[in-house]
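# Observations on chain architecture
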Amino acid sequence: MHSSHEQIWRQVSQEISRAQGNARAVTLQPAQTPLSELGLDSLKLIEIVYELETFYQLDVDEEHLAELHKVSDLIDMFASALTAADDSLASGEHHDPSR
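All residue numbers here refer to positions counted from 1 along the written sequence of the relevant chain. For this predicted model, a pLDDT threshold of at least 70 governs which residues receive local features, and a threshold of 80 or more governs which side-chain atom pairs are given and counted, while totals over whole chains, interfaces and linings are taken from all residues. The basis for every side-chain value is the complete set of non-hydrogen atoms in the structure, without hydrogens or water.

### Points about the packing of helix α1 (residues 5-19) against helix α3 (residues 71-90)
- Angles run from 0 to 180 degrees between N-to-C directions of axes, and those axes are lines fitted to C-alpha atoms, restricted for helices to the stretch in contact. Helix and strand definitions follow DSSP, with helices as H or I runs of at least four residues and strands as E runs of at least two, each counted in order from the N terminus. Where α1 meets α3, the closest approach of the two axes is 9 Å, and the angle between their N-to-C directions is 125°. One element, α1, and the other, α3, form an angle in the oblique class. By crossing handedness, the relation of α1 to α3 is classed as right-handed. On the side of α1, the interface is formed by His5, Ile8, Trp9, Val12 and Ile16, while α3 contributes Val71, Leu74, Ile75, Asp76, Phe78, Ala79 and Leu82.
- In the contact of α1 with α3, the residues fall into ten nonpolar, one polar and one charged. In this scheme, roughly parallel covers angles under 35 degrees and roughly antiparallel covers those over 145, while 65 to 115 is roughly perpendicular and the rest are oblique. By definition, turning the near helix anticlockwise from the far helix through less than a right angle yields a left-handed crossing, and turning it clockwise yields a right-handed one. Here, residues are in contact when the closest pair of their heavy atoms is within 4.5 Å. In the scheme used here, Gly and all other residues not listed as nonpolar or charged are polar, with Ala, Val, Leu, Ile, Met, Phe, Trp, Tyr, Cys and Pro taken as nonpolar and Asp, Glu, Lys and Arg as charged.

The structure is reproduced here in C-alpha cells:
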C-alpha cells in the first residue's frame, strides 16, 4: 500500500484537476499553492478528500479538513494516513477501510 510522496502529489493534483472540471489536463499543482487560489470551496475539498480516501482505501479524520490550506497540507494528510496504515499492517493490526 506504500506510496511515495511524489505519487501522492500526482494523485492529489489529479483530483484537484478533476474537481476543477479539467480531468484531462492534469498538471502537478505547486505544493505551496493555497487551495483557495485553485477555486476549491469546502464542498469541492470534501469531494477531493472522498475521492482520495476511495483511491487509497483509507478513512481520514474529517476534523482535519479545516487545517487544509495548501496543496502540501492535503499531500501531507494522505502521506501520514498511508504511513499509519502501513505501520498498522506491519504490526499485524487489521485495517478496515469501512470504518
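### As for the packing of aromatic side chains
- Stacked, tilted and edge-to-face pairs are distinguished by plane angle, under 30 degrees for stacked and over 60 for edge-to-face with tilted covering the rest, among Phe, Tyr and Trp rings (Trp via its six-membered ring) whose centres lie within 6.5 Å. Under the criterion given, the structure shown has two aromatic pairs.
- For the pair Phe55 and Tyr56, a centre-to-centre distance of 4.8 Å together with 90° between the ring planes defines the contact as edge-to-face.
- Each residue is placed in one exposure class: buried if its accessible area under a 1.4 Å probe, protein chains only, is under 20% of its type's maximum, exposed if it is over 50%, and partly exposed if it falls in between. Given the relative accessible area of 48%, Phe55 is considered partly exposed.
- Note on Tyr56 and Phe78: the rings are 6.2 Å apart at their centroids and 35° apart in plane angle, and the pair reads as tilted. Residue Tyr56 is found in helix α2 (residues 42-56), and its partner Phe78 is found in helix α3; the two are separated by 22 residues along the sequence.

### Observations concerning the environment of Arg18
- Looking at the element boundaries, Arg18 is found in helix α1.
- Judged by relative accessible area, Arg18 falls into the partly exposed class, the value being 39%.
- In this structure, the C-alpha to C-alpha distance between Arg18 and Ile48, residues 30 residues apart in sequence, is 8.6 Å.

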